[in-house]
Amino acid sequence: MPIRLVAGGGRVIAEADDRNPLAQLLRAANETMLGRSLQFDSVGGPSLTLDVSGRRVLRVTAALGLAGAERCLGVEVLEDEHKDELIKLLQAVASPRHELRVTSGPIGRGGEEVSVGLPVALLADLVLVDLNDLSADDPAEDEVAAPEPAPAPERVAGAAAGLAGVAEAVGPGLLAWLITGSEDDGRSSGPDEMVSHLQGFLDDEGEALDRQLDVLSPEPGAPVCVMLGASLIEGHSILVARLRGGLLLGVVEGDGTGAALVAWRGVLA
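Residues numbered from 1 in each chain as written. Predicted model: local features only at pLDDT ≥ 70, side-chain atom pairs only at ≥ 80, totals over all residues. Heavy atoms only, no water.

Draft legend 1. How the structure looks around the overall build of the chain. Scanning the chain from N- to C-terminus turns up 9 helices and 12 strands. A total of 269 residues make up the chain; the buried ones form 43% of that total. For the chain, the proportion of contacts with a sequence separation of at least 24, taken over those separated by at least 6, is 58%. On the chain, roughly 13,000 Å² of surface is accessible, and the fraction owed to carbon and sulfur atoms is 53%. (Helix = DSSP H or I, 4+ residues; strand = E, 2+ residues; numbered from the N terminus. Buried < 20%, exposed > 50% of the residue type's maximum accessible area, 1.4 Å probe, protein only. Contact = heavy atoms within 4.5 Å. Areas by Shrake-Rupley, 256 points an atom, 1.4 Å probe, with all protein chains shown as cover.)

Dropping the structure here:
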């Protein structure tokens, strides 16, 4: 998008109709090599200020209108244990349907070390953002001007089993998974104990999880796929995908972000 400056020396990095303002925020941080303070302001009200250096987020120095910021604000250097809280703050300030601005200034409380903090690339992987794919997050002008033709019958049949297709495409690294809703409701795979654990999580946190997915998607209920940083089982990641009223929850061995991203794109292609 063309650079648009705003009062106070800031610039607009995401318009209200951008598909994924979180991706634009992460790219702005990833482009920051020398130590700088980046203040991200949403016209919806929230504001988040980060010290960034060497493509790493060193610390959170200010947060306005963002619940749960205390833990990140209270540390001198962000570490792996803080990534979940930081991602929630990034998602909240970069909420869809709101213009997002960034203002750069001198680095805040500390030095300009590049060997500490959380790599922007890691944060991007956890929310399935491709930092190099600029076109994926542009406003969908072409879709408004020329809607896609109706899919062929075989495409519809494949789409109906989309979430099961995601699970199968991830491969053996997806140790256990469970689908609720859509045509695949009740389908699962993996050890009974792990599947039961996933079911219990959805029973307790399903509604909250769905609301969190709405923060990442262009509109409530829209398709979205993320890799959660917090795992239900030590040493594994959690894959969450929503498509056509269904929800897939799975336990992935290790990181598995790349395989999940490929699988998700394959189903949507």
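On we go.
Draft legend 2. Here's a closer look at the pairing of strand β12 (residues 246-253). For β12, a buried count of 7 out of 8 residues is recorded, marking the element as mostly surrounded by other parts of the structure. Pairing of strand β8 (residues 174-180) with β12 involves 6 bridges; the strand directions are antiparallel. Bridging from a neighbouring strand, Ala176 pairs with Val251 of β12. (Pairing = 2+ DSSP bridges.)

Draft legend 3. The arrangement of the pattern of salt bridges in detail. Taken as a whole, this structure holds 11 salt bridges when the rule is applied. Across the pair Glu76 and Arg59 runs a salt bridge whose closest N-O atoms are separated by 3.4 Å. Separated by 17 residues along the polypeptide, Glu76 in the loop between α2 (70-73) and α3 (83-93) and Arg59 in strand β5 (residues 56-64) bring together distant segments of the chain. Given a relative accessible area of 40%, Glu76 falls into the partly exposed group. Note on Arg59: relative accessible area 2%, which makes it buried. Close ionic contact of Arg242 with Asp214 constitutes a salt bridge, the shortest N to O distance being 3.0 Å. (Salt bridge = Lys/Arg side-chain N within 4 Å of Asp/Glu carboxyl O.)

Draft legend 4. Here's a closer look at the pairing of strand β2 (residues 10-14). Taking burial as the measure, the 5 residues of β2 include 4 buried ones, the bulk of the element. Both β2 and strand β6 (residues 100-106) contribute to a ladder of 3 bridges, which runs antiparallel. Directly across from Ala14, in β6, lies its bridge partner Leu100.

Draft legend 5. Local environment of the packing of helix α1 (residues 21-30) against α3. The contact between α1 and α3 brings their axes to 8 Å, and the two run at 115°. Our pair here, α1 against α3, has a crossing hand that is right-handed. Residues Leu22, Leu25 and Leu26 of α1 form the contact with α3, whose participating residues are Leu90, Gln91 and Val93. (Axes fitted to C-alpha atoms, helices over the stretch in contact; angles between N-to-C directions. Left-handed = near helix turned anticlockwise from the far one by under 90°.)

Draft legend 6. Representation of α1. Burial analysis of α1 places 10 of its 10 residues in the buried class, the great majority of the element. Turning to α1, its buried residues number three or more, namely Pro21, Leu22, Ala23, Gln24, Leu25, Leu26, Arg27, Ala28, Ala29 and Asn30.

Draft legend 7. Geometry of the nonpolar core. If you look at the biggest cluster of nonpolar residues, it comprises 52 residues, and the most contacted ones within it are Leu26, Phe40, Leu50, Leu86 and Leu90. Not counting chain neighbours up to four residues away, the residues in contact with Leu90 comprise Leu22, Leu25, Leu26, Leu48, Leu50 and Leu123. In this structure, Leu163, Ala164, Trp177 and Leu239 belong to the second largest nonpolar core, which totals 20 residues. (Core = buried A, V, L, I, M, F, W, Y, C linked by side-chain atoms within 4.5 Å.)

Draft legend 8. Highlighting the environment of Ile87. Take Ile87: it is sitting in helix α3. In this structure the C-alpha to C-alpha distance between Ile87 and Ala124, which are 37 residues apart in sequence, comes to 9.3 Å. Residue contacts for Ile87: discarding those within four places in its chain leaves Leu123, Leu126 and Val127.

Draft legend 9. Structural view of unusual backbone geometry. Positive phi values are uncommon outside glycine, yet Leu128 reaches one of about 55°. Topologically, Leu128 is positioned in the loop between α4 (120-126) and α5 (141-145).

Draft legend 10. Geometry of the packing of helix α7 (residues 162-170) against helix α9 (residues 257-268). At a closest axis distance of 8 Å, the pairing of α7 and α9 adopts a crossing angle of 145°. Judged by the twist between their axes, the crossing of α7 over α9 is right-handed. Contacts between α7 and α9 involve Gly162, Gly165, Val166, Ala169 and Val170 on the former and, on the latter, Ala259, Ala260, Ala263, Trp264 and Val267. Here the residues of the contact of α7 with α9 sort into 8 nonpolar, 2 polar and no charged. (Nonpolar A, V, L, I, M, F, W, Y, C, P; charged D, E, K, R; others polar.)

Draft legend 11. Looking closely at the side chain of Asn30. Inspection of the secondary structure assignment puts Asn30 in helix α1. Here Asn30 falls in the buried class, since its relative accessible area comes to 16%. With residues near it in sequence (within four places) discarded, Asn30 still touches Arg55, Val120 and Leu131.

Draft legend 12. Focus on α9. Its 12 residues place the ends of α9 17 Å apart at the C-alpha level, agreeing with the 16 Å of an ideal helix rising 1.5 Å per residue. Within α9 the residues assigned to the buried category are Thr257, Ala260, Leu261, Ala263 and Trp264. Along the long axis of α9, the arc covered by the buried residues comes to 165°, so they all point the same way. Residues of α9 that are exposed and point more than 90 degrees away from the buried face comprise Val262 and Gly266. (Expected span 1.5 Å × (residues − 1). Arc of directions from axis to C-beta.)

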